[in-house]
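Each chain is listed here by its residues.
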Amino acid sequence: MDRLPKWADVALVPLISLLLAAFFSAMVLLAIGQSPVEAFNVMVDGALGSAYGWGYTLYYATSFMFTGLAVTVAFHAGLFNIGGEGQAQIGGLGVALVCLALPWPHWTLALLAASLGAAAFGAAWAAIPAYLQAKRGSHIVITTIMFNYIAAAVIVYLLVDVLRPAGQMDPATARFPEGAKLPSLSDIPGLRELFLRVDSSGMPILGADGLQTYQNVPANVTLLIALAACYVVWLLLWRTRLGYQIRAFGKSEAAAKYAGINPVRITMITMLISGGLAGLMSINNVMGEAERLLQNSSEGAGFIGIAVALMGRNHPLGVFLAAILFGFLYQGGAELGLWTSIPIELRIVVQGLVILFTGALDQMVRMLLRWAFSFRTARVA
Amino acid sequence: MDYATLLQILDSTLRLATPLLLACLAGLFSERAGIFDIGLEGKMLMAAMASGAVAALSGSVWLGLCAGIGASLVLAALHGIASITFRGNQLIAGVALNFVASGVTVLIAQRMFGQGGRTPPLTGDARFNPLTLPFAEELRGVPVLGPLYAEVISGHSILVYLALALVPLSWWVLYRTRFGLRLRAVGENPASVDTAGVSVVALRYAAVAITGVLCGLAGAYMATALQAGFGREMTAGRGYIALAALIFAKWRPWAALWATLLFGFFQALALRPDVVEAVLRFKVPVPALDALPYVLTVLVLAGFVGKAIPPRAGGQPYVKER
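The rules behind the values
Residues numbered from 1 in each chain as written. Chains lettered and ligands numbered in written order. Predicted model: local features only at pLDDT ≥ 70, side-chain atom pairs only at ≥ 80, totals over all residues. UniProt positions renumbered as here; feature names shortened; annotations may be inferred. Helix = DSSP H or I, 4+ residues; strand = E, 2+ residues; numbered from the N terminus. Contact = placed C-beta atoms within 7 Å. pLDDT = per-residue confidence, 0-100. Core = buried A, V, L, I, M, F, W, Y, C linked by C-beta atoms within 7 Å. Buried ≥ 20, exposed ≤ 12 C-beta atoms within 10 Å, placed from the backbone. Expected span 1.5 Å × (residues − 1). Bend = angle between axes of the 7 residues up to and from the residue.

A short note on the UniProt feature "transmembrane region" (unreviewed entry) in chain B
All names here are of chain B.
- Listed under "transmembrane region" (unreviewed entry) in the UniProt record, and renumbered for this structure, are residues 20-40, 52-78, 90-109, 158-175, 205-230, 251-271 and 291-310.
- Secondary structure content for residues 20-40 is 67% helix and 0% strand, while the C-alpha to C-alpha distance between its ends is 10 Å.
- As annotated, residues 90-109 comprises 100% helix and 0% strand, and the C-alpha atoms at either end are separated by 28 Å.

Some points on the environment of A:Gln351
- Note on placement: A:Gln351 falls in helix H13 (residues 346-360).
- Residues A:Gln351 and A:Phe326, 25 residues apart in the sequence, show an inter-C-alpha distance of 8.4 Å.
- The residues touching A:Gln351, leaving out its near neighbours within four places in the chain, are A:Ile304, A:Ala307 and B:Phe99.

Some remarks on the UniProt feature "transmembrane region" (unreviewed entry) in chain A
- Following the UniProt record, one finds the feature "transmembrane region" (unreviewed entry) at residues 58-79, 110-128, 140-160, 219-238, 259-281, 319-342 and 348-369 of chain A.
- Spanning residues 319-342 of chain A, this segment combines 88% helix with 0% strand, and its end C-alpha atoms are found 28 Å apart.

As for the confidence of the model for chain B
- Looking at chain B, pLDDT values average 89 and 98% of them are 70 or higher.
- Between the elements of chain B, mean pLDDT differs from a low of 78, seen in helix H5 (residues 136-139) of chain B, to a high of 96, seen in helix H7 (residues 158-176) of chain B.

Side note on the nonpolar core
- Residues A:Met65, A:Leu356, B:Cys24, B:Ala218 and B:Ala245 are the most contacted members of the largest nonpolar core, which totals 223 residues.
- Per element, the largest residue contribution to this core is 16 residues, and it comes from helix H10 (residues 200-226) of chain B.

Details of helix H5 (residues 107-136) of chain A
All names here are of chain A.
- Its 30 residues give H5 an end-to-end C-alpha distance of 42 Å, which sits within 8% of 44 Å, the value for a rise of 1.5 Å per residue.
- Its maximal kink placed at Ala 127, H5 deviates by approximately 30°, while the proline Pro 129 follows within four residues.
- The first or second residue beyond H5 is Gly 137, which carries a positive phi of 70°.

This is the structure we're talking about:
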């Protein structure tokens with residue numbers, strides 16, 4: 001009776017954790033004198049009720065898939081990478097340098113090169129904390145937090161003093177060339193039907209040429225790369241020798257060492273992959289949306305990766321689902337900030353509560369469930 | 001750089017080191033008892049908001065201070081429940097509470113005052129005002145030491161002196177009392193404490209509560225002494241810097257004082273780029289100065305300044321053998 005059935009462990013524990021987080025978020029809303037039901041309706045309407053809304057939901061979800069996978073990979077090696085935020089911002093620097101280096105002839109070439117740049121810069125930013133953890137035993141949680149602050153300072157310096165074009169006031173790079181412009185999902189035949197513009201009665205809004213028109217959305221081809229990344233990470237972790245070594249190392253460092261797994265090597269490789277994935281999110285926001293590098297480009301997505309990974313039980317499929325959920329939360333939360341007097345910071349509270357219940361209090365949920373299941377077994381017996 | 005400028009920088013060093021010192025001592029008690037607390041930041045932020053709000057409403061800084069300590073204790077209790085009672089991951093619990101604090105403080109401040117998540121500016125008795133120590137003005141004429149006493153030592157709020165007094169007090173509690181001995185033992189080898197018939201859970205909750213009180217002081221200092229009111233994210237990573245100082249100090253109270261003074265000095269330098277430029281004779285970009293405490297922390301963590309060995313049972317929930 002001490003063990004939960006597998007389906008309960010996989011599906012029920014995260015579901016109840018999520019419901020607890022939702023319940024306490026509703027309590028917070030009541031405490032500040034707002035109606036949780038009304039807030040939820042605004043969120044659903046704003047995030048899912050229109051092509052515009054879910055264009056943004058999918059756009060956010062794309063970023064969260066990358067950062068969630070980054071945290072997931074590190075978690076499997078027993079490493080807690082809180083540095084996704086900094087790695088993503090430095091990854092954005094890689095994207096910007098690649099995009100501005102050449103007058104790119106076609107977006108496919110630019111995307112390939114920018115992805116490499118993003119992953120390489122993100123991985124490089126994770127490499128130093130990884131090395132310090134592997135070689136000198138400095139706690140990776142603290143070093144990656146410090147590297148978030150250092151990354152922010154590096155980006156501010158570069159944007160203000162180095163990369164800003166002459167005569168421009170705001171601290172940002174120049175706009176990327178036309179050839180580095182990624183197609184939005186609403187530009188792709190087959191997918192753009194999802195973003196058909198309709199009026200309030202549900203009839204398509206026609207353009208001047210009498211054809212159907214599509215809502216221009218920030219979600220872009222990077223979503224397809226994110227989906228591929230989910231699959232590749234699953235392959236890596238459960239279908240390769242390296243993935244086995246990573247998981248073995250995370251389960252028991254002593255046993256892994258005994259089996260001949262080199263801890264320094266695994267720590268380095270895992271963190272490079274993790275940092276690379278965090279960096280890759282920048283092709284979504286920097287290249288796909290802003291089309292130039294701005295300050296604080298990742299806007300907290302690196303931290304949301306922690307919640308996404310925990311919510312998704314450190315499995316790529318779970319990360320995919322949790323990323324969509326957080327995409328909804330982020331777009332819905334932004335709409336709350338626009339249309340109601342609820343501050344946009346509600347998103348951070350919900351994010352914290354999800355991490356609390358799925359990550360730190362999961363034992364409590366398990367205890368509750370075990371207690372509930374013990375009745376059922378007793379009756380069957 | 002002349003003597004007056006040096007004194008100014010030392011003066012702001014002491015002011016900026018105080019919240020770090022309080023938070024560092026807070027972390028010291030928790031981690032010595034085997035509970036990693038990455039949530040110092042969130043507790044400080046919560047305390048800053050609560051003290052700023054209550055001081056603004058009541059006009060009494062002391063009520064504000066109590067509210068700050070209370071708010072910080074609530075988060076400390078949550079951390080205790082998650083990591084002691086339910087044996088959750090202490091790091092994840094800390095991160096979660098930091099996010100909750102970051103959002104909730106803005107939500108509450110916005111609801112109460114409607115000023116974009118800030119509390120109204122505090123004046124008069126709603127703030128901790130500087131105290132002039134005895135004879136500060138009379139001794140100002142004494143060469144070298146007089147201005148040092150009048151400018152750097154004197155003229156701070158009472159919380160600064162309280163924080164300094166807490167250093168020997170923490171040392172005494174940890175190394176000269178039965179409670180301190182047991183607290184340290186519970187962070188090294190909880191099973192031995194349990195065998196001696198002392199409750200591991202009670203000791204760890206006591207340690208987490210002390211952490212809550214000290215973080216409350218740190219946060220209240222931020223909002224009611226260092227600045228006049230709460231602003232969103234006003235702690236700006238100080239909780240993490242305090243953690244780094246704690247590692248630098250190798251989990252010892254006196255070393256914590258020197259470590260936080262050093263970090264405070266770097267923060268003070270970041271506020272005076274003109275002085276840095278005059279001394280080094282070349283222009284240092286302001287972001288580089290901002291990043292300096294964090295870079296230094298990484299260097300410290302990298303062990304270039306001696307090896308730091310954490311309490312042995314840190315981070316592990318205690319499970320009684322059945």
